[in-house]
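Here's the letter readout for the chains.
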Amino acid sequence: MVKISDIIRDEDELLSKKKKSKDTAQKPSDTSKGMEFSTMMNETDMSSTKNGESRNRPFHSDSENEQAEDILSRLHTSLTDMYNQVRNGDAPDFSLMESLTAEFISSMDTFENYYMLRAYADYDYTDLAQSAIWTTLFTTKIATRMGIPEPQKTNCALCGLFHDIGLMLIPDEIVQKTTPLSKSERDLLRSHPKLAYDLVNSADSHYTYLAETIYQEHEFIDGTGYPQGLTGKQIG
């Protein structure tokens, strides 16, 4: 698996090189920014004040830290319970996660930097529930930067939260394997988007958008992704 911590570390190195290049430039570069991952944490995210009020503070009081940890803990516990339901062959009830996911999104106004620090320092790719929560964090940041309104933003967050639910239908010894996979093991692992698609569609027709998004999570614009090999505008 690709670790988010490695992605962030590579991104930090890229930002450092960009800063050195900018400092040596004869004239300032264009300040406009695209939607690259490197712009997801910019000066606005780290500003300590906005309109005279504290916003996205990197440090919090003990009581605020406890509140943030409580939200993370409840989200992690609920998601782990749902994962276990899927492993046991039970149909998941995705509606149970909507209110908790909405609470997580609304709390980002206050605790976003705390969550980002936790994602960077404590990320464990073997903990699939934790991995899904951090994916949801980045998904929500991107949706916010793109100006996506509610309730679509919550829908985006739910897609991040459940993007790998199909892995619950793959044996752990394959999902957590650290040595190279055999062809049959790789083929089985690559079936998890389709397994998730079937699972979500059979659980509740209300979540068709979730099933479609999960089904396409490993597709690439050039058609080299899986499981459908979609290209360009076929994706999404």
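Residues numbered from 1 in each chain as written. Predicted model: local features only at pLDDT ≥ 70, side-chain atom pairs only at ≥ 80, totals over all residues. Heavy atoms only, no water.

Per the secondary structure count, the chain includes 10 helices and 2 strands. Reading the chain from its N terminus to its C terminus gives the helix and strand order α-α-β-β-α-α-α-α-α-α-α-α. For the chain, the proportion of its 236 residues judged to be buried stands at 36%. Relative to all contacts within the chain whose residues are 6 or more apart in sequence, the contacts with residues 24 or more apart total 63%. As displayed, the chain offers around 13500 Å² of accessible surface, 52% of which is attributable to carbon and sulfur atoms. (Helix = DSSP H or I, 4+ residues; strand = E, 2+ residues; numbered from the N terminus. Buried < 20%, exposed > 50% of the residue type's maximum accessible area, 1.4 Å probe, protein only. Contact = heavy atoms within 4.5 Å. Areas by Shrake-Rupley, 256 points an atom, 1.4 Å probe, with all protein chains shown as cover.)

Within the fold, T136 resides in helix α5 (residues 128–145). With relative accessibility at 1%, the residue T136 sits in the buried group. Reaching out from T136, the side chain makes a polar contact with the backbone oxygen of A132 at a distance of 2.8 Å. Within the structure, the side chain of T136 is placed 3.0 Å from the backbone nitrogen of L161, a separation counted as a polar contact. (Polar contact = N/O pair within 3.5 Å; in protein donor to acceptor, adjacent residues only side chain to side chain.)

Our next topic: α5. Quick reminder: α-helices carry 3.6 residues per turn. Residues three or four places apart thus point the same way. Taking 1.5 Å per residue, 18 residues should reach 26 Å; α5 reaches 26 Å between its end C-alpha atoms and fits that length. Counting buried positions along α5 gives 14 out of 18 residues, so the element sits mostly inside the fold. The backbone nitrogen of A129 lies 3.2 Å from a side-chain oxygen of the residue at the head of α5, namely D127. (Expected span 1.5 Å × (residues − 1).)

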